[in-house]
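Architecture and fold: a report
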Amino acid sequence: MTERTNRRLPTTNRGRQAAVRHVLLDADGVLQDLPGGWCAAMEPYLGERAEEFLHETWSDELPMLAGEGDYLPLLAESLARYGVRTPVGEVYDAVWKNIVLIEESLDIVRALRRNGYGVHLGTNQEKYRGAHMRTALGYDELFDVSCYSYDLGVAKPDPAFFTRAADRIGADPDTILFVDDIAKNITGARTAGLRAGQWDFAQGHDTLHALFDRHGVDARRTA
């Protein structure tokens, strides 16, 4: 962790809001995508029951997002209950690891870092998908600090996620701008004292730059 991401920055003047010095970014919908969506990815295994299955397994997964339990055995049981005979590891790799990086979003991460901001990842993941993102996708090298829900022990939208993230970053919450595609996560971040804005890649990156501009954040490339 660099010095600039390990210190708390004071407000610029007494009574005025501090400048944003850190950007905390969600992963799915902001930095990465599952091509065609989750239902399409599950249809080869479950057909018309794909949506039903996903809603059930996402509910089952909630404790694992907070680091409690092991998701793969639970997923294997769910697949068997739905009559899927494909090994759980094969299904998991084909669906949960079927991630496409949004290159323009990653370029913005790099620009923010070049412009002197601490840039961090704040995402809900269980440990297997999180480990894949950290290593195979290279997120550990891309971000200054990574805040995975399974590692923090609490998941968004709980404000405690953001409090723990700010502590891990080593910054006052009001110096951190959080970007996520889900409204309730934005509410959770603001409750914890962070700045926050809702955005997803389908809105286009000009809209993301406009969000940054409103918070005084320069995410444009420098020569």
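Residues numbered from 1 in each chain as written. Predicted model: local features only at pLDDT ≥ 70, side-chain atom pairs only at ≥ 80, totals over all residues. Heavy atoms only, no water.

1. Concerning the side chain of Ser149
Among the structural elements, Ser149 can be located in helix 8 (residues 149–152). Reaching out from Ser149, the side chain makes a polar contact with the backbone oxygen of Leu65 at a distance of 2.6 Å. (Helix = DSSP H or I, 4+ residues; strand = E, 2+ residues; numbered from the N terminus. Polar contact = N/O pair within 3.5 Å; in protein donor to acceptor, adjacent residues only side chain to side chain.)

2. Topic: the confidence of the model for the protein chain
Residues at a pLDDT of 70 or more form 92% of the protein chain, whose mean pLDDT is 93. Residue range residues 1–14 is modelled with pLDDT below 50. Its contacts to residues more than four positions away, or to other chains, number 35 contacts. (pLDDT = per-residue confidence, 0-100. Contact = heavy atoms within 4.5 Å.)

3. Remarks on the environment of Leu31
Structurally, Leu31 is set in the loop between strand 1 (22–25) and strand 2 (32–33). Note: C-alpha distance between Leu31 and Gly83 (52 residues apart in sequence) is 34 Å. Residue contacts for Leu31: discarding those within four places in its chain leaves Leu25, Asp26, Val100, Leu101, Ile102, Ser105, Leu106, Val109, Leu121, Tyr139 and Phe143.

4. Concerning the packing of helix 2 (residues 50–65) against helix 3 (residues 71–81)
Direction vectors running N to C along helix 2 and helix 3 enclose 160 degrees, while the axes themselves pass 10 Å from each other. The angle between helix 2 and helix 3 places the two elements in the roughly antiparallel class. Once helix 2 is placed against helix 3, the crossing between them reads as right-handed. Residues Phe53, Glu56, Thr57, Asp60, Glu61 and Met64 of helix 2 touch helix 3, and the partners they reach there are Tyr71, Leu74, Leu75, Ser78, Leu79 and Arg81. (Axes fitted to C-alpha atoms, helices over the stretch in contact; angles between N-to-C directions. Parallel < 35°, antiparallel > 145°, perpendicular 65-115°, else oblique. Left-handed = near helix turned anticlockwise from the far one by under 90°.)

5. Quick word on unusual backbone geometry
Omega for the peptide link from Lys156 to Pro157 comes to 10 degrees, which places this bond in the cis form. Note that Pro157 resides in the loop between helix 8 and helix 9 (159–169).

6. Quick look at the environment of Leu152
With respect to the helices, strands and loops of the structure, Leu152 is situated in helix 8. Considered as a pair, Leu152 and Lys184 are 32 residues apart in the sequence and their alpha carbons are 19 Å apart. Once you skip the residues sitting within four places of it in the chain, Leu152 turns out to touch Cys147, Phe161, Arg164, Ala165 and Arg168.

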